[in-house]
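Coordinate inspection notes
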Amino acid sequence: MSLWEYANPKKFLALSGRILPIAAWGAGLCLVVGLVWGFFFTPDDYKQGSTVKIIYIHVPAALMAINIWFMMLVTSLIWVIRRHHVSALAARAAAPVGAMMTLIALITGAFWGQPMWGTWWAWDPRLTSFLILFLFYLGYIALWSAIENDDTAADLTSILCLVGSVFAALSRWAVNFWNQGLHQGASLSLDKEENVSDVFYFPLLVSIAGFVLLFVALMLLRTRTEIRARRIKALIARETLS
Amino acid sequence: MIALLIRDLRLALRAGGGFGLGLAFFLIVAALVPFAVGPQAAVLSTIAGGVLWLGALLACLLSLDRILALDWEDGSLDLMASAPLPLEALVSIKALAHWLTTALPLVLAAPVLGVLLQLPQAGFYWITLSLAIGTPALSVIGTFGAALTVGIKRGGLLLSILVLPLYVPTLIFGAELTRRGIQGMDTSTPLLMSAGISFACIAVMPFASAAVLRVNLR
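Residues numbered from 1 in each chain as written. Chains lettered and ligands numbered in written order. Predicted model: local features only at pLDDT ≥ 70, side-chain atom pairs only at ≥ 80, totals over all residues. Heavy atoms only, no water.

Comments concerning the overall build of chain A
For chain A, the helix and strand inventory stands at 6 helices and 0 strands. Along the chain direction, N to C, the helices and strands of chain A fall in the order α-α-α-α-α-α. The buried share among the 242 residues of chain A stands at 45%. A sequence separation of at least 24 residues applies to 77% of the contacts in chain A between residues at least 6 apart. Per element, the accessible surface of chain A, about 12700 Å² overall, is 69% carbon and sulfur. (Helix = DSSP H or I, 4+ residues; strand = E, 2+ residues; numbered from the N terminus. Buried < 20%, exposed > 50% of the residue type's maximum accessible area, 1.4 Å probe, protein only. Contact = heavy atoms within 4.5 Å. Areas by Shrake-Rupley, 256 points an atom, 1.4 Å probe, with all protein chains shown as cover.)

So, in structure tokens, the structure goes:
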């Protein structure tokens, strides 16, 4: 019993078919509980008023935006090293979800920034690096859709993902150096004394769990679709041959 | 390797387009900026460094699809790939040829165009220096992009979407170096970072370019 067993599409389909409903229902439950709790049953912040509640969408989306890219990096590495097709397809399936998460983080941030900072957009390091991350997602998705041959596309996009990761990290430090920040520092770290108050913290955790499960559900669903699309392609190819 | 370099240089010089085109584009961008933002010297001189950097970057970008696409179309890329020269060396030479034919003229032309944009006196030195240090990274990263999209028909737009985000660090440090130099601030950090990015790209990117080229030639 090893993780690599699930490189077999059939086993992957069987397992993901069992996980998918759990993740989907869990995501729905966590999101409803987290968002309703966060929006209606937490006090307003003494300075930010009710705008603070954007945190229940903004923070989980931003968290997912980065972690989905990281997941794509890992699956791309697995494809490059061990050439498991499911891995490449999972990276492909995750990319649009990650792009949407980045977009959600940017837009909710703008909605929050308008009343709080007095501007929709500032060239702050975090905002800028998210914009760059969004561009990387766009390039990655565009490259996938531009290439006809699936294996070539998987190879090229995975190398783009590896190179892009290096440059995304580099850009992150470059913009840090380039402009001073308006965005507040981390307030959810496990190793720091001063964090966001518990009143906001627990609904936020539920909401984050909801976003993670939502991503898992969407990613599994999309990967399963990709696998089946491949099968259909193979069947059609066999038909035309015979 | 030298023969290949000479061949590429000759092709760029003699087979029309390519060589002068980037330079002409750079000139036009620099000439259009005052029409867009107005001819006030105060405005122009503050943005001159950034505009020159952006113009050079776009001029580089425009010429990228010529690096490999022409050789791909007429099949000479296959011949070069089957030659005893490793692909890593091939893409390095291609990047060098691109730098010599496209980026180096831009570096030399930048101070001249700086006159049009009211670049401050101190800026002439810094724009030339920062472009000279930064453009090798643009060529090498661009070669990676060209290798990535070589098999795609009409991949030009895709190429720019892929390559522009990769240009961000180079642009930030290059333009920052120019800005700080003009204002008389300490320039050592952006100078070292630009140089570091360029050298790291020259050292590492050929492996990535060769890897994607191998996939595309399969």
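A word on the interface of chain A and chain B
In this assembly, 26 residues from chain A lie in contact with 26 residues from chain B. Taken together, the two surfaces of chain A and chain B that pack against each other cover about 2100 Å², and 85% of this comes from carbon and sulfur. Summed over the three residues of chain A that lose the most area to chain B, namely L156, F167 and F177 of chain A, the buried surface amounts to 28% of that side. Residues D155 of chain A and R218 of chain B are paired through a salt bridge, measuring 2.9 Å at the closest nitrogen-oxygen approach. Where chain A touches chain B, the interface holds 1 residue pair in polar contact (both at pLDDT 80 or more). When residues of the side of chain A that touches chain B are traced back to their parent elements, those giving at least two are helix 4 (125-146) and helix 5 (150-178) of chain A. Taken together, the residues that form the side of chain A that touches chain B break down as 19 nonpolar, 4 polar and 3 charged. (Buried area = accessible area lost by both parts, 1.4 Å probe. Salt bridge = Lys/Arg side-chain N within 4 Å of Asp/Glu carboxyl O. Polar contact = N/O pair within 3.5 Å; in protein donor to acceptor, adjacent residues only side chain to side chain. Nonpolar A, V, L, I, M, F, W, Y, C, P; charged D, E, K, R; others polar.)

Digging into the packing of aromatic side chains
Residues and elements named next belong to chain A. All chains considered together, the criterion is met by 8 aromatic pairs over all chains. Here F111 and W120 contribute two aromatic rings whose centre-to-centre distance is 5.9 Å and whose plane-to-plane angle is 70°, an arrangement assigned as edge-to-face. Site record: aromatic cluster; members linked through ring pairs are W69, F136, Y137 and Y140. Note that R83 overlies the ring of W79, its terminal NZ or CZ placed 4.5 Å from the centroid. (Phe/Tyr/Trp six-rings, centres within 6.5 Å; stacked < 30°, edge-to-face > 60°. Lys NZ or Arg CZ within 6 Å of the ring centre and 35° of its normal.)

Some remarks on the confidence of the model for chain B
Residue and element names in this part refer to chain B. Taken as a whole, chain B shows an average pLDDT of 87; of its residues, 98% reach a score of 70 or greater. Averaged pLDDT values over the elements of chain B bottom out at 77 in helix 1 (residues 2-14) and peak at 92 in helix 7 (residues 123-148). The ipTM, which scores confidence in the relative placement of chains, is 0.85 for this predicted complex, and the corresponding pTM is 0.87. (pLDDT = per-residue confidence, 0-100.)

Side note on the environment of T51 of chain A
Residues and elements named next belong to chain A. Within the secondary structure layout, T51 lies in the loop between helix 1 (9-40) and helix 2 (55-82). Placed 12 residues apart in sequence, T51 and F39 show a C-alpha to C-alpha distance of 10.0 Å. Apart from residues no more than four positions distant in its own chain, T51 is found in contact with W112, P115 and M116.

Points about a nonpolar patch on the surface
Residues and elements named next belong to chain A. A cluster of nonpolar side chains, L29, V32, V33, V36, W37, F39, F40, F41, F202 and L205, forms an exposed patch at the surface whose accessible area comes to about 990 Å². Secondary structure elements with two or more residues in the nonpolar patch: helix 1 and helix 6 (198-241). Here the element with the most residues in the nonpolar patch is helix 1; it accounts for 7 residues. Positionally, L29 belongs in helix 1. (Patch = residues over 30% accessible without salt bridge, like charges linked within 9 Å, V, L, I, M, F, W, Y side chains within 5 Å.)

Digging into the state of the cysteines
Here a disulfide denotes one covalent bond, and it connects the sulfur atoms of two cysteines. All names here are of chain B. The final tally for this structure, using the stated rule, is 0 disulfides over all chains. Here C60 stays free of any disulfide, with the sulfur of C201 as its closest cysteine sulfur at 13 Å. Taking the relative accessible area as the measure of exposure, C60 reaches 0% and is therefore buried. (Disulfide = S-S within 2.5 Å.)

Some thoughts on the pattern of salt bridges
Taken as a whole and judged by the stated rule, the model has 9 salt bridges over all chains. Residue K233 of chain A pairs with D150 of chain A through a salt bridge whose shortest N-O separation is 3.0 Å. Placement of K233 of chain A in helix 6 and of D150 of chain A in helix 5 is noted, with a sequence separation of 83 residues between them. Classification of K233 of chain A by relative accessible area gives partly exposed; the value is 47%. On the basis of relative accessibility, which here comes to 17%, the residue D150 of chain A falls in the buried class. Salt-bridge contacts for R180 of chain B lead to E176 of chain B; the nearest nitrogen and oxygen are separated by 3.1 Å. Placement of both R180 of chain B and E176 of chain B in helix 8 (residues 156-183) is noted, with a separation of 4 residues, approximately one turn of the helix. Classification of R180 of chain B as buried rests on a relative accessible area of 15%. Residue E176 of chain B is classed as buried on the basis of its relative accessible area, which comes to 4%.

Comments concerning the nonpolar core
Counting residues in hydrophobic clusters, the biggest one holds 110 residues, and the most contacted among them are I68, M72 and L143 of chain A together with F26, F144 and L213 of chain B. The element contributing the most residues to this core is helix 6 (residues 87-116) of chain B, with 13 residues. Setting aside its immediate chain neighbours within four residues, I68 of chain A contacts A94, V97, G98, M101, Y137 and F215 of chain A. (Core = buried A, V, L, I, M, F, W, Y, C linked by side-chain atoms within 4.5 Å.)

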